[in-house]
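Structural description and commentary
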Amino acid sequence: MHKTRSIVLALLIGLTLLSAMVSNGAKTYTTLGLIIGLAVLKFIGVSFHFMELKRANVFWKGSILMLLALFSTALIIII
Amino acid sequence: MELTKIDYKNIYYPPGGILMWIIIFLELLTFGMALCVMAFYSKEEPEVFHNSRLLLNTTIGTLNTLLLIVSGYFMAQSVASFKQRNIEKSKLFLKLTIFGGLLFLALKGFEYYDKIEAGLSIGYNTFFSFYWMLTAFHVIHVLVGLVILWSIFRTLKKDAYKTKIEDVEASAAFWHMCDLIWLLLFPVIYLLF
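A short tour of the structure in this document, coming up. Counting starts from 1 at the beginning of each chain's written sequence and moves along it residue by residue. In the order they appear in the text, chains get letters beginning with A and ligands get numbers beginning with 1. Residue-level local features of this predicted model are given only where pLDDT is at least 70; pairs of side-chain atoms are given and counted only at 80 or more, and the full residue set underlies all totals for whole chains, interfaces and linings. The basis for every side-chain value is the complete set of non-hydrogen atoms in the structure, without hydrogens or water.

**Observations concerning the overall build of chain A**
Helix and strand assignments follow DSSP, with helices taken as H or I runs no shorter than four residues and strands as E runs no shorter than two, numbered in order from the N terminus. Helix and strand counts for chain A stand at 3 helices and 0 strands. When the helices and strands of chain A are listed from N to C terminus, the series reads α-α-α. Buried positions account for 48% of the 79 residues belonging to chain A. The contact criterion used is simple: two residues touch if any of their non-hydrogen atoms lie within 4.5 Å. Within chain A, contacts between residues separated by at least 24 positions form 56% of all contacts whose residues are at least 6 apart in sequence. Surface accessibility follows the Shrake-Rupley procedure with a 1.4 Å probe radius. Residue values consider only the protein chains on display as shielding. For chain A, the exposed area adds up to about 3800 Å²; of that, 77% sits on carbon and sulfur atoms. Throughout, exposure labels follow a simple rule: accessible area from a 1.4 Å probe, protein chains only, divided by the maximum for the residue type, with under 20% read as buried, over 50% as exposed, and the rest as partly exposed.

Pasting the structure below:
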């Protein structure tokens, strides 16, 4: 458990640095999609591993994923 | 220390408690909708949003994200240690969590000072109106989170055996919520436009 959490931490740090680097490039739809995609992955990492949502009822897991899908799709469509 | 066995698979007992998760969903909905509105306004003034975004310091934003992520990791470690009945370790991780939150606030304070000095206040343009409202509202959440963590730390210090796992988990869920909100704010405000 402790090891998994440490691996997730390392991944989250890596994803944060990657999204900062990606944002320095030209603003294309691919870059925007990548920035939002990386944010979604970080969000899942924190909610499922740090908040232990992975142990919760499927309703809570599904709800948070639906909320995330809703906002990321809305942002991609609007931008 | 009260360690009752919680059935997390039960729909009414998510880690942190059902009431805390209702709050988390409401907060995420509020911030998420505000970010969508911000994105909508950016379509009307793309130049203003792009040039304003460039006035923000991405390095500070990235550092703040890292601080909250590491702080969230320490919080998760603190809860895990508490469940293993290792109070000293739990307290140490809780102290590190609070320290991470304080560093976040210090860095945010520096950023705010820098923006105010440059005249980029809430009325400067539409982008900065959103920037100030959303980030300041988040800072208020971090402050409340720190007060909650401090009270849990004091209870653990005074009488660890009276501390309930439900209270520790609810405090942790609130702190992680601050982390989740920032994970939505950071890419949209600092990176997208």
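**Comments concerning the packing of helix H1 (residues 18-44) of chain B against helix H5 (residues 126-159) of chain B**
Residues and elements named next belong to chain B. Axis separation between H1 and H5 bottoms out at 10 Å; the angle between their running directions is 165°. The angle between H1 and H5 places the two elements in the roughly antiparallel class. Of the two possible hands of crossing, H1 and H5 adopt the one that is left-handed. Of the residues in H5, those touching H1 at Glu27, Phe31, Ala34, Leu35, Val37, Met38 and Tyr41 are Thr126, Phe127, Phe130, Leu134, Phe137, His138 and His141. As a working rule, the residues Ala, Val, Leu, Ile, Met, Phe, Trp, Tyr, Cys and Pro are called nonpolar, Asp, Glu, Lys and Arg charged, and the rest polar, with Gly in that last group. A breakdown of the residues in the contact of H1 with H5 according to their chemical character gives 10 nonpolar, 3 polar and 1 charged. Fitting a line to C-alpha atoms yields each axis, with helices limited to the stretch in contact; the angle taken between N-to-C directions then spans 0 to 180 degrees. Note on angle classes: values under 35 degrees are labelled roughly parallel, values over 145 roughly antiparallel, values of 65 to 115 roughly perpendicular, and the remainder oblique. By definition, any crossing whose near helix is turned counterclockwise from its far helix by less than a right angle is left-handed, and any crossing with a clockwise turn is right-handed.

**Thoughts on a positive patch on the surface**
Residues and elements named next belong to chain B. Residues enter patches when they are more than 30% accessible in relative terms and free of salt bridges; like-charged ones are connected within 9 Å and nonpolar ones (Val, Leu, Ile, Met, Phe, Trp, Tyr) within 5 Å. The rule for a salt bridge is simple: a side-chain nitrogen of Lys or Arg has to be within 4 Å of a carboxyl oxygen of Asp or Glu. Counting rule applied: Lys, Arg positive; Asp, Glu negative; His and chain ends not counted. In this description, the location of a charge corresponds to atom NZ of lysine, CZ of arginine, CG of aspartate or CD of glutamate. A contiguous patch of positive charge on the surface is contributed by Lys95, Arg154, Lys157 and Lys158. Ranked by the residues each element gives to the positive patch, the list is headed by H5, at 3 residues. By the element assignment, Arg154 lies in helix H5.

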